[in-house]
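# Breakdown of the fold
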Amino acid sequence: MSTTLINPATEEAITTVPQADLEQTDAAIAAAAAAQEKWAALAPADRGRLLRRFAEVVDGHIDDLARLEVANAGHTIGNATWEAGNVRDVLMYYSAAPERLFGRQIPVAGGLDVTFKEPLGVVGVIVPWNFPMPIAGWGFAPALAAGNAVVLKPAEVTPLTAIRLGELALEAGLPEHVFTVIPGKGSVVGERFVTHPGVGKVCFTGSTAVGQGIMRGAADQIKRITLELGGKSANIVFADADIEAAAAAAPMAVFDNAGQDCCARSRILVEASAYDRFMSAFEEAVKGVVVADPSESATQMGPLVTKGQRDSVRSFVEDADEEVDVAFRGSAPDGAGWWYPPTVVMPRSTRDRVWHEEVFGPVVAVLPFADEAEAIAMANDTIYGLSGSIYTRDVGRAIRVSRGVQAGNLSVNSHSSVRYSTPFGGFKASGLGRELGPDAPDSFTEVKNVFIATD
Ligand code: NAP
Ligand code: MG
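Calculation criteria
- Residues numbered from 1 in each chain as written.
- Chains lettered and ligands numbered in written order.
- Predicted model: local features only at pLDDT ≥ 70, side-chain atom pairs only at ≥ 80, totals over all residues.
- Heavy atoms only, no water.
- Domains from an automatic or database assignment.
- Buried area = accessible area lost by both parts, 1.4 Å probe.
- Salt bridge = Lys/Arg side-chain N within 4 Å of Asp/Glu carboxyl O.
- Polar contact = N/O pair within 3.5 Å; in protein donor to acceptor, adjacent residues only side chain to side chain.
- Helix = DSSP H or I, 4+ residues; strand = E, 2+ residues; numbered from the N terminus.
- Nonpolar A, V, L, I, M, F, W, Y, C, P; charged D, E, K, R; others polar.
- Near = heavy atom within 4 Å.
- Areas by Shrake-Rupley, 256 points an atom, 1.4 Å probe, with all protein chains shown as cover.
- Pairing = 2+ DSSP bridges.
- Contact = heavy atoms within 4.5 Å.
- Axes fitted to C-alpha atoms, helices over the stretch in contact; angles between N-to-C directions.
- Buried < 20%, exposed > 50% of the residue type's maximum accessible area, 1.4 Å probe, protein only.
- Parallel < 35°, antiparallel > 145°, perpendicular 65-115°, else oblique.
- Left-handed = near helix turned anticlockwise from the far one by under 90°.

### Some details on the domain arrangement of the chain
Split into domains, the chain comes out as domain 1 (2-229 + 430-453) and domain 2 (234-418). If you average the C-alpha positions of domain 1 and of domain 2, the two centres end up 30 Å apart. Taking both partners together, domain 1 and domain 2 bury about 2100 Å²; carbon and sulfur atoms supply 63% of that area. For the pair domain 1 and domain 2, the number of links is zero salt bridges. Our enumeration of links across domain 1 and domain 2 arrives at nine residue pairs in polar contact (both at pLDDT 80 or more). Those elements giving two or more residues to the side of domain 1 that touches domain 2 turn out to be α3 (62-73) and α4 (77-94). In the side of domain 1 that touches domain 2, the residues fall into twelve nonpolar, ten polar and three charged.

### Describing the site of ligand 1
Of all residues adjacent to ligand 1, which total 29 residues, the nearest are Val127, Glu156, Ser207, Leu229 and Glu358. Side-chain polar atom of lysine 153 to an oxygen atom of ligand 1: 3.0 Å apart, as the coordinates give it. Glycine 206 is positioned such that a nitrogen or oxygen atom in its backbone is 3.2 Å from an oxygen atom of ligand 1. Out of a free accessible area of 900 Å², ligand 1 has 84% covered by protein chains. With three residues, helix α7 (residues 186-195) is the largest single contributor of residues to the shell around ligand 1. Residue composition of the shell around ligand 1, grouped by class: 15 nonpolar, eight polar and six charged. Composition of the shell around ligand 1 by domain shows at least three residues from each of domain 1 (2-229 + 430-453) and domain 2 (234-418).

### Some words on the sheet that holds strand β5 (residues 122-126)
If you trace the six strands from one edge of the open sheet to the other, you get β7-β6-β5-β8-β9-β17, paired in mixed fashion. A single partner strand is all that each edge strand has here, and the edge strands are β7 (179-181) and β17 (431-432). Taken together, the three bridges between strand β6 (residues 149-153) and β7 define a ladder with parallel strand orientation. Each residue of the ladder has a partner; that of valine 151, found in β7, is threonine 180. Packed on one face of the sheet, α7 meets β5, β6 and β8 (199-205) and runs near 150° to β6.

### Side note on the pairing of β8
The buried fraction of β8 is high, at six of seven residues. Note: β5 against β8, five bridges, orientation parallel. Across the sheet, valine 125 pairs through a bridge with cysteine 203, a residue of β8. Here β8 runs beside strand β9 (residues 224-228); their pairing, made up of five bridges, is parallel.

### Notes on the packing of helix α2 (residues 44-59) against helix α6 (residues 160-171)
Between α2 and α6, the least distance of the axes is 9 Å, while the angle of their chain directions is 125°. As summarised for this structure, α2 and α6 are arranged oblique, according to the angle between their axes. The handedness of the crossing between α2 and α6 comes out as right-handed. Judged by residue contacts, Phe54, Val57 and Val58 of α2 engage Leu165, Leu168, Ala169 and Glu171 from α6.

Quick look at the structure:
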């Protein structure tokens, strides 16, 4: 079995990638388990050195990796270059972790009590197609740093950069089978990570439905999991904010990566008294978004990843059951490629599908609100809780609303959500556990407590 990969901007076939079957998956897990024992036994400084070497090799291949992602996933060259650089940075950041995986010494009577952070063994990382490189790195870098071996399943449609990263790991000198990329189907390779007793943890990013299945499956073995799932994040704009700045920043907070971003601020809440002013500045900004060939450096937004994803996005607007009012739109190229223009819609009510379901495409819904309490209530009226933004010049309000919104990653007067040195993850149906930040290696370990009698 193999998959033919298609360039989303041209609809041309790029290459064909074999898909692992169950037997190959089991063999890779067994080889990883054997390799893990040696990896964990390496001196911490040596593990750190190898991860730094891996980071350096990635750094030497940023352009190749970026070009692969442009072709395979339709990411803009600017984004893809950042994404490859993010893998390097995350590896570099966690290369310091092996020597800093501190336990504690706890005062007790009659002896010495210490804790150790033991690796879990083999960690299975399951990656979606929207950010193939960063999401892979957020899983494998801290997991490796904590002394685990990693088996990684890329999304079926976007495996190329992960496969390349697996090769670069070997080039950097990581021992064989410590980091293995296994392209294949979610229902085969991904599910095997969940059912195989030799996999100690599954680190999953993707849809809420598949995440729920993984959580159910993990119960059979009390398997550790991290879940990073969907989002329907709110961008809340108060009338006291710099409205022009908020309107200028709003398009890329949702249209970046063609909206295929779990942190996309796909709901904009605008204080009623500033609504008209915001919308007119927002219209100008949306019409200015450069949607074009993703390999051009000036391009801000490329195509959607697959025809299926574009059809799914259309089902929220053109092919919706209820009528949807489009306020205004940006542009998109004609011809080959799975293009969809940046689209701003005005829901009739918060019950509209486009207001409460994740579109995962370049569609944003805007509604006015009356006051701070209503803004928080509207922002929280969702099953999700991943990210969000608050635009205001009032410091007290910024803090109150940040504390009031039920989401894992909030930004005030900006749209940043992800920095490798700060924790990332969701409240409610957006996930379980946190990635990145100083504590990520801990979530790839078990705490062991040892008491040594002195009497
Ligand atoms: P998906 O269908 O859940 O797939 C994610 C990954 O899981 C893919 O590698 C997929 O393999 C695999 N998979 C599918 N079925 C599986 C199963 N039964 N057992 C184990 N693995 C399985 O999601 P997607 O379509 O790739 O990505 C879009 C969704 O991911 C969106 O809903 C988005 O919100 C979410 N997402 C969330 C975050 C976050 O950080 N919170 C980040 C990115 C994406 P195949 O490729 O073979 O299907
Ligand atoms: Mg899927």
